[in-house]
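# Chains, contacts and geometry: an overview
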Amino acid sequence: MRTRRLSWWTAALLSLMAVSIPSHAETVRQVSVDGIYDNNTFKSSGGASDVITQTSFYLARRDTSARAGVEYFYTGDIALFVRSGERHFTAHHVGISYLRQLGKARHLLSAGWNFGGRWDRAIYNYYDDVDGLLYANLKLNLSPATFLRMGYRMNIRKYLHLDASSFREHQTSFTYNTSLPTRTALKGDVTYGYKGYTMTRLTTSTIIVSPPGGRRRGGGPFDQSGVPQTVVQESLPYKSQVTLSLRVSQSVSPSTGVNVQYLRRLNPSSGGFYQSGLGTGYAEDDDLFDDRYDYQGHEVSGGVSQLLPWGSKLTVEGGYLIKDYRNNPALDLNGVSTGQDRNDRKHTLSAGIGMPLGMTSDLNLWYIYGTNASNDPFYTYRSNHAFSFGISRKF
């Protein structure tokens, strides 16, 4: 209750600050359409291919003065699946973002809030949620080449059909960024996240699951029958995570840049809340079924970017991710525990080209390749190929 009251009071304060800005106003409209082919949309051993159309809408009013600005916005996303129409979903949010420069050094204060939700078709309605986000950041310019950013955000999400998975998340971060005379940029980041569940008791839910994403053969709460399944959920009080990252970027020439990053995840708390066997939505950072708080590990990534003629840009990236889950048992294909916690080793490689089409439109082409090796064979896959073609236009 206290968190909810704080959210409403903070949102109200930001709104009052926003309307007090004498401004020059403009309206921004943008529509993006992406077509994606993925030969393993469920990211599992038996995942099926599909073609997805993702359409995004952005509508905003921007009010600016000499040292401040505010933006009132609406965002909408619609995902349509050609082969698995039961996976269609839509998400909509409204919000405010606020910026102000401080002092002669032009330190930057930014804050904002948004509120909205996601809605799915009946078979996948366990994803349905209502959520709100508050954030505040302060960027301190320590020198012309160095700055320190401190940030806080609070995310509240209520799942409408999996109530025990509803949560409140608090996250603080500190980022140090400096540029060297050698055209090298160094970025270090420390983030602490705390995730508390709104329920700490056993609950049961009945939902309908259909193939192929909900299958764990011979075991687990979900099967391919397409009939209601009963799920018993046990929500732990909280879990937390510390992430440490270091990124080095180097300008090789006026048109070429390279970067490499190392990231480490550490879980101070031993708890973990875990859902298994459900078909996921089309997202890699899935809070519900692949929660980053549930695993520790290392991530090494890097890439190169090259400016091309006509304002185009080529980007090639690769990464290796180690995910060691805690209190998340690895199961065999019959749903029987192997006596070990799940651990994954994931490789990714991607390449993309972005190019402007006139003054108001952009074209993006991407190819992504991935593999995942896991001691839980349900999550093992090889040769995952995804192709995307996207166009965005401002009005």
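An account of the accompanying structure is given in this report. The structure displayed is predicted, hence computed values, not measured ones. (Residues numbered from 1 in each chain as written. Predicted model: local features only at pLDDT ≥ 70, side-chain atom pairs only at ≥ 80, totals over all residues. Heavy atoms only, no water.)

## A few points about the pairing of strand 15 (residues 313-331)
Successive side chains on a regular strand alternate, one facing one side of the sheet and the next facing the other. Pairing of strand 14 (residues 295-307) with strand 15 involves 13 bridges; the strand directions are antiparallel. The residue bridging Val304 from the neighbouring strand is Val316, located in strand 15. Two successive antiparallel strands, strand 14 and strand 15, enclose a turn made up of 5 residues, where Trp310 displays a positive phi of approximately 60°. Relative to strand 16 (residues 337-357), strand 15 runs antiparallel, the two sharing 14 bridges. Residue Val316 lies in a different strand from strand 16, and its bridge partner there is Ala351. Hairpin connection between strand 15 and strand 16: a loop of 5 residues separates the two successive antiparallel strands, and Gly335 in this loop has a positive phi of roughly 80°. (Pairing = 2+ DSSP bridges. Helix = DSSP H or I, 4+ residues; strand = E, 2+ residues; numbered from the N terminus.)

## Quick word on the environment of Ser374
With respect to the helices, strands and loops of the structure, Ser374 is situated in strand 17 (residues 361-374). Between the C-alpha atoms of Ser374 and Asp344, which are 30 residues apart in sequence, the distance is 4.3 Å. In this view, Ser374 contacts Arg342, Asn343, Asp344, Tyr379 and Thr380; residues no more than four positions away in its chain are not counted. Among the polar contacts made by the side chain of Ser374, one reaches the main-chain amide nitrogen of Asp376 at a distance of 3.0 Å. (Contact = heavy atoms within 4.5 Å. Polar contact = N/O pair within 3.5 Å; in protein donor to acceptor, adjacent residues only side chain to side chain.)

## Side note on the environment of Leu357
Within the fold, Leu357 resides in strand 16. Judged by relative accessible area, Leu357 falls into the partly exposed class, the value being 41%. Considered as a pair, Leu357 and Gly311 are 46 residues apart in the sequence and their alpha carbons are 9.4 Å apart. Setting aside anything within four residues of it in sequence, one finds Leu357 in contact with Asp362 and Leu363. (Buried < 20%, exposed > 50% of the residue type's maximum accessible area, 1.4 Å probe, protein only.)

## With respect to unusual backbone geometry
For Arg106, which is not a glycine, the phi torsion comes out positive at approximately 55°. As for its position among the elements, Arg106 is in the loop between strand 4 (89-102) and strand 5 (107-120). Positioned with a positive phi, Asn327 is a non-glycine residue whose angle comes to about 55°. With respect to the helices and strands, Asn327 occurs in strand 15.

## A look at the side chain of Asp291
With respect to the helices and strands, the residue Asp291 is situated in the loop between strand 13 (256-266) and strand 14. Looking at Asp291, the relative accessible area reads 2%, which means it is buried. Here Lys195 takes part through its side chain, which lies 2.6 Å from a polar atom of the side chain of Asp291.

## Here we look at the nonpolar core
In this structure, Phe42, Tyr124, Tyr126, Tyr127, Tyr159, Leu162, Phe167, Tyr197, Leu288 and Phe289 together form the largest nonpolar core, which totals 10 residues. The next biggest cluster of nonpolar side chains, apart from the first, holds 6 residues, and it includes Val70, Ile96, Tyr98 and Trp113. (Core = buried A, V, L, I, M, F, W, Y, C linked by side-chain atoms within 4.5 Å.)

## Concerning a nonpolar patch on the surface
Taken together, the side chains of Val252, Val258, Val304, Val316 and Leu349 make up a nonpolar region of the molecular surface, amounting to roughly 350 Å² of accessible area. Relative to the helices and strands, Val252 is located in strand 12 (residues 238-253). Residue Val252 is classed as partly exposed on the basis of its relative accessible area of 49%. (Patch = residues over 30% accessible without salt bridge, like charges linked within 9 Å, V, L, I, M, F, W, Y side chains within 5 Å. Areas by Shrake-Rupley, 256 points an atom, 1.4 Å probe, with all protein chains shown as cover. Salt bridge = Lys/Arg side-chain N within 4 Å of Asp/Glu carboxyl O.)

## Here's the deal with the packing of aromatic side chains
Under the counting rule described, the total for this entry stands at 7 aromatic pairs. For the ring pair Tyr58 and Phe73, a centre distance of 6.4 Å and an interplane angle of 20° mean the geometry is stacked. Pair noted here: Tyr58 is in strand 2 (residues 50-64) and Phe73 is in strand 3 (residues 68-81), with a separation of 15 residues, a long-range link. Given a relative accessible area of 22%, Tyr58 falls into the partly exposed group. Ring plane angle 85° and centroid distance 5.1 Å describe the contact between Phe378 and Tyr379, whose orientation is recorded as edge-to-face. Aromatic ring contacts, followed pair by pair, group Tyr124, Tyr126 and Tyr127 into a single cluster. Directly above the ring of Phe89 sits Arg118, whose terminal nitrogen or CZ lies 3.7 Å from the centroid. When the ring centre of Phe147 is taken as reference, the NZ or CZ atom of Lys139 above it lies at 4.5 Å. (Phe/Tyr/Trp six-rings, centres within 6.5 Å; stacked < 30°, edge-to-face > 60°. Lys NZ or Arg CZ within 6 Å of the ring centre and 35° of its normal.)

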